[in-house]
Amino acid sequence: MPQKQGNVLLLPSQPSIIANAAVVGKVEGEGPLAQEFDFCYPSDTINGMETWEKSESELHRDAVDRAIKKSGVLKKDIDIMFAGDLLNQCIGTTFGIMDFDIPFAGLFGACSTMAMALAMAGVFCDSGAAQYAVASASSHFCSAEKQFRFPLEYGGQRSPTAQRTVTGAGAAVMGAKTNAPFIEAVLFGKVQNYGITDAANMGAAMAPAAASTISDFLRDTNTKPEDYDIILTGDLGSVGSNLLKELLKTKHNFDISAIHNDCGLMIFEQQQDTHAGGSGCGCSASVFNSVILRRLGAGELKKVLLVGTGALMSPTSAQQKSPIPSVAHAVCVCSD
Amino acid sequence: MRTMSKKKQPTPIEKQYDEMTKKASPNSRKFINTLKAFVVGGLICTLGEVLHYLFEKTALSEDEVKALVPITLIVLTAIFTGLGLFGKLARHAGAGTFVPITGFANSIVSPAMEFQSEGRVLGTGAKMFTIAGPVIAYGCGAAVIYGFIYYFFIL
């Protein structure tokens, strides 16, 4: 059963991530992590789907399908699936996974969805509510642009603080403790609002949530930044990462600069003209479910704190000039 | 009761964070952006002049030439938008492609393409003016006001 320590939920049974998979689109496949992904699609039209929304669903389906196949677990033995994406009413997820015949609980945590899904799956497996659970998330550059910003072919310039939504999906199958990596503890974050209204600067909007969750996690578990190989934020990008480090140093007295990394900074290279880095549910989902879990499984990394960061705004709230609240969820994964 | 219409004053924390954010956020490269916009915008306008010169050589009247030049630029923009080239140029040119009539044409063609998947009526038809709509609405409004002024004071 999960044990509460402060707000952190410790998972004493340490559920294992049995298998994981990540699939991405074209630009991500041209990035530095190309070799780590299970499959890089040659275009953002996935398997000939006629709309961007269906392409995202297909991407999501593919990631979950690959993870389940790799795990060797039968679909009928999976008790619950936690998944979500950025599109209205989470259609990116539901239209992709509807043929799986697995009990489904849809999540919305904006770009923090992968960490949130892992945390939910971890708690379910640890409590015995599920023998096997799936956690997954996806995003698609084109469907996100269409919903949140401008049409793809609209000729405009982007702010240097803007980030590029990752076309990608990641999935993990979790079960009782077997082999590394293990989920040790999770923390559901609190919503933070520091009054940022610039939707082209999501990193700045989300950094306070990451700072709050990281400091809460370190305090509640009595650990120090040095105890982790990586504190990995979801998609703060370059602007948000710098703000996070500064906030943690000045407000919370933690220095994480030596061990901090960000999925949004890992997935693209500077020359790819992606401005402040990658973003979207698929960003942390594809990076975590590829290189990070591989290195944890191989024992190269001993302890990683994944901190998924989400900006909880909608096109309507942005048009109404409301500030952008944000949330961050933490999942501590270890290899021994 | 809290009313949402009142604009909330930023708290000290928000103000402090706003300062931090401004410091951490890189600015747009204004000089290089302006230069690119100037060159590309200038080239588009030169193209307009060239078209004007060529059309004048034909049997068309001056009024017809004046209509045909923007029409040609609009059609060219629509084609280049459809080919996916306009967006690539605009990423660099910014205001250079946006300010001439090319920007207006692109702002109608791009959503029309994007929302094709929602059908001709609720997709292309309804969404094609989502960006250009305000320009048309307020442009017509301004024309009406100007018309009144012209009517009462000049005519």
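Residues numbered from 1 in each chain as written. Chains lettered and ligands numbered in written order. Predicted model: local features only at pLDDT ≥ 70, side-chain atom pairs only at ≥ 80, totals over all residues. Heavy atoms only, no water.

To continue, consider the overall build of chain A. The helix and strand inventory of chain A stands at 10 helices and 15 strands. Over its C-alpha trace chain A gives a radius of gyration of 18 Å, about what one expects of a compact globule, namely 20 Å for 336 residues. Each principal axis of the C-alpha distribution contributes one length, and for chain A these read about 55 × 50 × 35 Å. Relative to its full complement of 336 residues, chain A shows a buried share of 61%. (Helix = DSSP H or I, 4+ residues; strand = E, 2+ residues; numbered from the N terminus. Rg over C-alpha atoms; globule rule 2.2 N^0.38 Å. Buried < 20%, exposed > 50% of the residue type's maximum accessible area, 1.4 Å probe, protein only.)

Residues and elements named next belong to chain A. Summarising burial for strand 7 (residues 132-139): seven of the eight residues are buried, a large majority. Where strand 5 (residues 80-84) and strand 7 come together, five bridges link them in parallel fashion. Within strand 7, the residue paired with Ala-83 across the bridge is Ser-136. Here strand 7 runs beside strand 9 (residues 168-175); their pairing, made up of eight bridges, is antiparallel. Looking at strand 9, one finds that Ala-135 is bridged to Ala-172. (Pairing = 2+ DSSP bridges.)

Here Gly-84 of chain A lies in strand 5. Counting along the chain gives 169 residues from Gly-84 of chain A to Asn-253 of chain A, while the straight-line C-alpha distance between them is 34 Å.

Quick look at the interface of chain A and chain B now. The interface is formed by 28 residues belonging to chain A together with 31 residues belonging to chain B. With both chains or domains summed, chain A and chain B bury close to 2500 Å², and 60% of this area falls on carbon and sulfur atoms. Here chain A is connected to chain B by two salt bridges. Notably, a salt bridge pairs Asp-273 of chain A with Arg-91 of chain B, separated by 2.8 Å at the nearest N-O pair. At the surface where chain A touches chain B, the tally comes to 10 residue pairs in polar contact (both at pLDDT 80 or more). Taken together, the elements giving at least two residues each to the side of chain A that touches chain B come down to helix 5 (141-148), helix 6 (202-220) and helix 7 (237-251) of chain A. A total of four residues in the side of chain A that touches chain B trace back to one element, the largest contributor, which is helix 7 of chain A. In terms of residue class, the side of chain A that touches chain B is made up of 15 nonpolar, nine polar and four charged. (Contact = heavy atoms within 4.5 Å. Buried area = accessible area lost by both parts, 1.4 Å probe. Salt bridge = Lys/Arg side-chain N within 4 Å of Asp/Glu carboxyl O. Polar contact = N/O pair within 3.5 Å; in protein donor to acceptor, adjacent residues only side chain to side chain. Nonpolar A, V, L, I, M, F, W, Y, C, P; charged D, E, K, R; others polar.)

Quick look at the environment of Ser-110 of chain B now. Secondary-structure assignment places Ser-110 of chain B in helix 6 (residues 101-114). For the pair formed by Ser-110 of chain B and Thr-124 of chain B, sequence separation is 14 residues and the distance between their alpha carbons is 9.7 Å. Among all residues touching Ser-110 of chain B, those that are not within four sequence positions of it are Pro-151, Glu-153 and Tyr-154 of chain A together with Thr-81 of chain B.

Once that is clear, we can look at the side chain of Ser-290 of chain A. Positionally, Ser-290 of chain A belongs in helix 9 (residues 281-297). Classification of Ser-290 of chain A by relative accessible area gives buried; the value is 4%.

Residues and elements named next belong to chain A. Examined at the domain level, chain A breaks down into domain 1 (3-175) and domain 2 (182-334). The distance between the C-alpha centroids of domain 1 and domain 2 comes to 17 Å. With 58 residues of domain 1 at the interface, the matching set in domain 2 holds 58 residues. In total, about 4600 Å² of surface goes out of reach between domain 1 and domain 2, with carbon and sulfur atoms giving 65% of it. Together, Glu-36, Cys-111 and Gln-163 form the three largest contributors to the area buried by domain 1 at its contact with domain 2, with a combined 15%. In this structure, the connection of domain 1 to domain 2 is made through one salt bridge. Measuring nitrogen to oxygen at the nearest pair gives 2.8 Å for the salt bridge that ties Glu-36 to Arg-294. Linking domain 1 with domain 2 are 19 residue pairs in polar contact (both at pLDDT 80 or more). Contributing elements (two or more residues each) for the side of domain 1 that touches domain 2: strand 2 (8-10), strand 3 (16-24), helix 1 (26-29), helix 4 (113-127), strand 7, helix 5, strand 8 (164-165) and strand 9. Per-element accounting of the side of domain 1 that touches domain 2 gives the leading share, eight residues, to helix 4. Classifying every residue of the side of domain 1 that touches domain 2 gives 33 nonpolar, 19 polar and six charged. (Domains from an automatic or database assignment.)

Successive residues of a regular strand alternate their side chains across the two faces of the sheet. All names here are of chain A. The side-chain alternation of strand 11 (residues 230-233) yields two buried faces, one formed by Ile-230 and Leu-232 and the other by Ile-231 and Thr-233. As paired elements, strand 11 and strand 12 (residues 260-262) share three bridges and run parallel to each other. Each bridged residue has a counterpart across the sheet, and for Ile-231 the counterpart in strand 12 is His-260. Read from strand 11 through helix 7 to strand 12, the crossover connection turns out right-handed. (Right-handed = clockwise from strand over helix to strand, strands pointing away.)

Moving on to the nonpolar core. Considering soluble globular proteins, one finds that nonpolar side chains tend to be buried as a cluster. Counting residues in each nonpolar core, the largest one holds 52 residues, and the members touching the most others are Leu-118 and Ile-292 of chain A. Three or more residues apiece are contributed to this core by two domains, here domain 1 (3-175) and domain 2 (182-334) of chain A. Here Leu-118 of chain A is in contact with Ile-17, Ala-135, Ala-172, Met-174, Phe-288, Leu-306 and Val-331 of chain A, once residues within four sequence places are set aside. Leu-218, Leu-243 and Ile-324 of chain A together with Tyr-17 of chain B belong to the second largest nonpolar core, which has 38 residues in total. (Core = buried A, V, L, I, M, F, W, Y, C linked by side-chain atoms within 4.5 Å.)

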